[in-house]
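Residue-level structure breakdown
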Amino acid sequence: MAKITRRNFFKLGAVGAGMLALGNNVNASAIDSKKVKYDEEYDVVIIGSGYAALSAGITAAKKGDKVLLVEKMGRIGGNSVINGGLLAVVNSPKQKVEGVQDSIDLYMEDSMKAGRYINHPDLLKVIGKRGNDALKLVEECGAKFYDKLSHLGGHSVPRTYLAANGSGSGIVLPMFDYIEKLPNVTVKRRTKFDDFILEGDRVIGITAREKYKFDSKLKDDDFENKSGTKKYFKAKKGVILASGGFSCDTFYRTQQDPKIPADADSTNQPGATAGVLLKAFELGAVPVHVSWIQFGPWACPDEKGFGAASNFNINASFRYGISVNAKTGKRYMNELADRRTRATAMFKLVNDNKNYPINICDQVAVDKIIPDIAEKALKAGVVKKYNSIDELAAAYGIPVAELKQTIGKYNDYVKAGQDPDFGKPVDKTDGVLIAKAPFYGTKGVPKLHHTMGGLKINTKAQVISSYTKAPIPGLYAAGEITGGTHGASRLGSCSIPDCLVFGMVAGENI
Ligand SMILES: Cc1cc2nc3c(=O)[nH]c(=O)nc-3n(C[C@H](O)[C@H](O)[C@H](O)COP(=O)(O)OP(=O)(O)OC[C@H]3O[C@@H](n4cnc5c(N)ncnc54)[C@H](O)[C@@H]3O)c2cc1C
């Protein structure tokens, strides 16, 4: 920290303290509270307006805290409001109704396996234990869910709730309506966090710019954009960072993983940049797993971003259908494997001269999902309908005899309840075959989706310092800006519970 007390000197060791003394200060730009005249005073200041921020804000406000949320963009909700609305909850009421046997241990094992066993188990356990509290919170705000559970790739059992409108907006907007009505909460849009204000070692406020205008044409908005008017906000109890991931930060993501091309398409909103993360690192926060960046395997090259095809593939093609190599007509992966496994398998095809794999399912599969999802994807022209397998094969140039053979083999596996080729859990796909016309086809490509890494927090959502190895006083974080829960690769529907649970934990503990 900036102040080198005798105690800190010994904790830092001579090298660390020497670095500070040399001016290579870990919080070189943080502002001393003594030099500040505050414009407004709050108990808690929260950066962001997605799941993590709203959950933290509602929880802190319910305790009686005076809360400020600042959001740099014109619209609230970040990635949360455009997301798929899929939320995994262990031992949930719907699992009881559907007779699904689940446990926190099984959820943790599924997540650890997908995360290549580098997940932080203490954090994962909190999500497993508090998922039902998070569900209760959003239902209290008015969120509604589809009546059937989804079974997503990498999960041993169905445990995923889906927002009734098939989108994160079905959860975020009711949360936002709820928080806006609370008398002790202020939300400021177009207000960008710039820096921390410190009282000794404690985070006691922030500087932010009001009337800020994000500019997606800039190469690096966080550092080049000077718009807005500077304000000083006091946060008597502390600051909660809930500013999301950095999938759209082309410079920073490439430094973490040079394999990612600068023009790689992402499913994220353009404001998903690394600025807040870097400010917290400056303050000494421990970086965790920052170079683990995930690609979503269900996206489509015929549209930008997450689009309409992703939800269709997640809910219909991958669970109830197959994905084939367009050149051979053969399957090449377990369609319900974790995301990293699937993205790796798909990139092998795509990198062969843009040989996009084709995802296929039939009418029975489509009848099992929310009609809105299929309608949107068909209207966007990214999922197409065919009267026969011959027609579908001709449209994508797939060798038809091979494709028919592949489908026949897959149907036999579903009937037998076992997939000896790729180990897809076909015993959990409700016996759905690829048999009833019309048939549905989509081109597939993995897109940059989630930044696994971020700030190290403890089970109380306090940000941990690399220097003192203890919590940075007054600093909390939740959601995609944190790292550790998902390890190397997260499972689908596991970010929403992460954000909601740790938002709640931060709001409780601050
Ligand atoms: C298309 C899509 C679909 C997804 N579907 C699912 C799903 O179905 N299930 C699931 O579990 N996960 C899903 N995810 C992942 C999940 O949506 C995100 O991980 C989650 O929304 C992150 O929430 P958050 O609250 O941490 O951040 P966000 O919701 O991204 O909110 C962070 C906010 O902070 C703001 N901000 C950033 N910097 C500043 C600053 N300096 N000052 C002020 N504000 C700032 C941002 O503009 C943003 O609005 C999906 C993601 C995407 C992109």
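Because the structure is a prediction, the values reported are computed rather than measured. (Residues numbered from 1 in each chain as written. Predicted model: local features only at pLDDT ≥ 70, side-chain atom pairs only at ≥ 80, totals over all residues. Heavy atoms only, no water.)

Section: the site of the ligand
Spelled out, the test is: Here a residue is considered near a molecule or strand provided that any single heavy atom belonging to it is located within 4 Å of it. Whenever two N or O atoms come within 3.5 Å, that pair is a polar contact, provided that in protein one can donate a hydrogen and the other can accept it, and provided that, for residues adjacent in sequence, both atoms are side-chain atoms. Areas reported as accessible are Shrake-Rupley estimates using a 1.4 Å probe. Residue values count occlusion only from the protein chains shown. Strands are runs of DSSP state E lasting at least 2 residues, helices are runs of H or I lasting at least 4, and numbering of each runs from the N terminus.
In the vicinity of the ligand, 40 residues are found, and the nearest of them are Glu71, Ser80, Glu480, Ser495 and Ile496. In the model, an oxygen atom of the ligand is placed 3.1 Å from a nitrogen or oxygen of the Asn79 main chain. Contacts to the ligand include Ile496, whose backbone N or O atom sits 2.8 Å from an oxygen atom. Burial of the ligand by the protein amounts to 99% of the accessible area it has alone, namely 1000 Å². Taken together, the elements giving at least two residues each to the shell around the ligand come down to α2 (51-62), β7 (192-199), β16 (445-451) and α16 (495-509).

Observations regarding the pairing of strand β13 (residues 358-362)
What counts, and what does not: We call a residue buried when its accessible area falls under 20% of the maximum for its residue type, exposed when it is over 50%, and partly exposed in between, using a 1.4 Å probe and counting protein chains only. Paired strands are those between which DSSP finds at least two bridges.
When you tally the buried positions in β13, you get five out of five residues, the bulk of the element. Alternating residues of β13 divide into Ile358, Ile360 and Asp362 and Asn359 and Cys361, and every residue in both groups is buried. In the sheet, strand β12 (residues 322-324) pairs with β13 via three bridges, with the strands oriented antiparallel. Bridge pairing links Ile322 to Ile360 in β13. Direction of pairing for β13 relative to strand β15 (residues 439-443): antiparallel, over a ladder of five bridges. From the neighbouring strand, Cys361 faces β15, where its bridge partner is Tyr440.

Some points on the domain arrangement of the protein
This is how it is decided: Here the limits of each domain have been adopted from an automatic or database domain assignment. By definition, residues are in contact when any of their heavy atoms lie within 4.5 Å. Accessible area, probed at 1.4 Å, shrinks when two parts are joined; the buried area is that loss added up over both. Salt bridge criterion: a side-chain nitrogen from Lys or Arg within 4 Å of a carboxyl oxygen from Asp or Glu.
Split by domain assignment, the protein resolves into domain 1 (29-292 + 452-509) and domain 2 (297-447). For domain 1 and domain 2, the distance between their C-alpha centroids amounts to 32 Å. Taken together, the contact pairs 29 residues of domain 1 with 25 residues of domain 2. In total, domain 1 and domain 2 occlude about 2000 Å² of area from one another, counting both sides; carbon and sulfur atoms represent 53% of this. Where domain 1 packs against domain 2, one counts two salt bridges.

Considering the sheet that holds strand β14 (residues 384-386)
Heads up, the rule is: The axes used here are C-alpha line fits, helices contributing only the stretch in contact, and every angle between their N-to-C directions lies in the interval 0 to 180 degrees.
Strand order in the open sheet made by the four strands is β12-β13-β15-β14, with antiparallel pairing throughout. The sheet is open, and its two borders are formed by β12 and β14, each paired with just one other strand. Neighbour-to-neighbour, the strand axes of the sheet open up by a mean angle of 30°, direction not taken into account. Strand direction decides the pairing type here: β14 and β15, joined by three bridges, are antiparallel. Paired with Lys384 across the strands is Gly441, a residue of β15. Sheet strands in contact with helix α15 (residues 400-416) are β12 and β13, and its direction is about 150° off that of β12.

Section: the pattern of salt bridges
Inspection of every chain in the model, using the stated rule, returns 28 salt bridges. Of the charged contacts, one joins Arg130 and Asp133 as a salt bridge, the two residues approaching to 2.7 Å between their closest N and O atoms. Note that Arg130 and Asp133 are positioned in helix α5 (residues 121-141) at a spacing of three residues, about one turn of the helix. Its salt-bridge partner being Lys279, residue Asp195 comes within 3.5 Å of it at the nearest N-O pair. Taken together, the residues span a long stretch of sequence, with Asp195 in strand β7 and Lys279 in helix α9 (residues 275-282) at a distance of 84 residues. The class for Lys279 is buried, based on a relative accessible area of 17%. Taken together, the salt bridges that share partners define one network made up of Glu40, Lys188, Glu210 and Lys231.

Quick word on helix α14 (residues 389-396)
Stated precisely, the cut-off is as follows: The reported arc concerns the directions from the helix axis to the C-beta atoms and nothing else.
Among all positions of α14, only Ile389, Leu392, Ala393 and Tyr396 are buried. Seen along its axis, α14 keeps its buried residues to an arc of 95°; they face one direction. Just beyond α14, the residue with positive phi is Gly397, at close to 65°.

A look at the pairing of β7
Taken across its eight residues, β7 has six buried, putting it largely inside the fold. The pairing of strand β1 (residues 31-32) with β7 spans two bridges and is parallel. Note on β7: the bridge partner recorded for Ile31 is Ile197. Taken together, the seven bridges between β7 and strand β8 (residues 202-210) define a ladder with antiparallel strand orientation. Paired with Glu199 across the strands is Arg202, a residue of β8. Between the antiparallel neighbours β7 and β8 lie two residues, among them Gly200 with a positive phi of about 65°.

Focus: the environment of Lys379
Mapped onto the fold, Lys379 is located in helix α13 (residues 371-379). Its relative accessible area of 78% is what places Lys379 among the exposed residues. Linking Lys379 and Gly408, residues 29 residues apart in sequence, is a C-alpha distance of 30 Å.

Overview of the UniProt feature "domain: FAD-dependent oxidoreductase 2 FAD-binding" (unreviewed entry) in the protein
This is how the line gets drawn: UniProt positions are given in the numbering used here, feature names are shortened, and annotations may be inferred rather than shown by experiment.
Mapped onto this structure's residue numbering, the UniProt feature "domain: FAD-dependent oxidoreductase 2 FAD-binding" (unreviewed entry) falls at residues 43-496. In residues 43-496, helix accounts for 32% and strand for 20%; the two terminal C-alpha atoms are 26 Å from one another.

Topic: the packing of aromatic side chains
The test is simple: Only rings of Phe, Tyr and Trp enter the pairing, Trp through its six-membered ring, and a pair is recorded when the two centres are within 6.5 Å. The plane angle decides the type: under 30 degrees is stacked, over 60 is edge-to-face, the rest tilted. Should the NZ of a Lys or the CZ of an Arg lie within 6 Å of a ring centre and within 35 degrees of the ring normal, that charge is described as sitting over the ring.
The final tally for this structure, using the stated rule, is eight aromatic pairs. Both rings, one in Trp298 and one in Phe306, keep their centres 5.3 Å apart while their planes meet at 80°; by these two values the pair is edge-to-face. The class for Trp298 is buried, based on a relative accessible area of 1%. Overall, the relative accessible area of 13% leaves Phe306 in the buried class. Ring geometry for Phe312 and Tyr440: centres 6.0 Å apart, planes at 45°, overall tilted. Highlighted residues: Phe312 in helix α10 (residues 309-320) and Tyr440 in strand β15, separated in sequence by 128 residues. Cation over ring: Lys66 sits above Tyr42, and NZ or CZ is 5.0 Å from the ring centre.

Some points on the packing of helix α4 (residues 104-114) against α5
Using the following cut-off: Any angle that falls under 35 degrees is termed roughly parallel, while one over 145 is termed roughly antiparallel, one within 65 to 115 roughly perpendicular, and all others oblique. Left-handed describes a crossing in which the near helix is turned anticlockwise from the far one by less than a right angle; the clockwise case is right-handed. Note that Gly is not counted as nonpolar here; it falls among the polar residues with everything else outside the nonpolar set of Ala, Val, Leu, Ile, Met, Phe, Trp, Tyr, Cys and Pro and the charged set of Asp, Glu, Lys and Arg.
Interhelical geometry of α4 versus α5 gives an angle of 130° and a closest axis separation of 10 Å. It follows that α4 is oblique to α5 by the angle criterion. As for the relative orientation of α4 and α5, their crossing is right-handed in sense. Here Ile104, Tyr107, Met108, Ser111 and Met112 of α4 lie close against α5, whose contacting residues are Pro121, Leu124, Lys125, Ile127, Gly128 and Lys129. Each residue belonging to the contact of α4 with α5 can be placed in one class, and the counts come to seven nonpolar, two polar and two charged.

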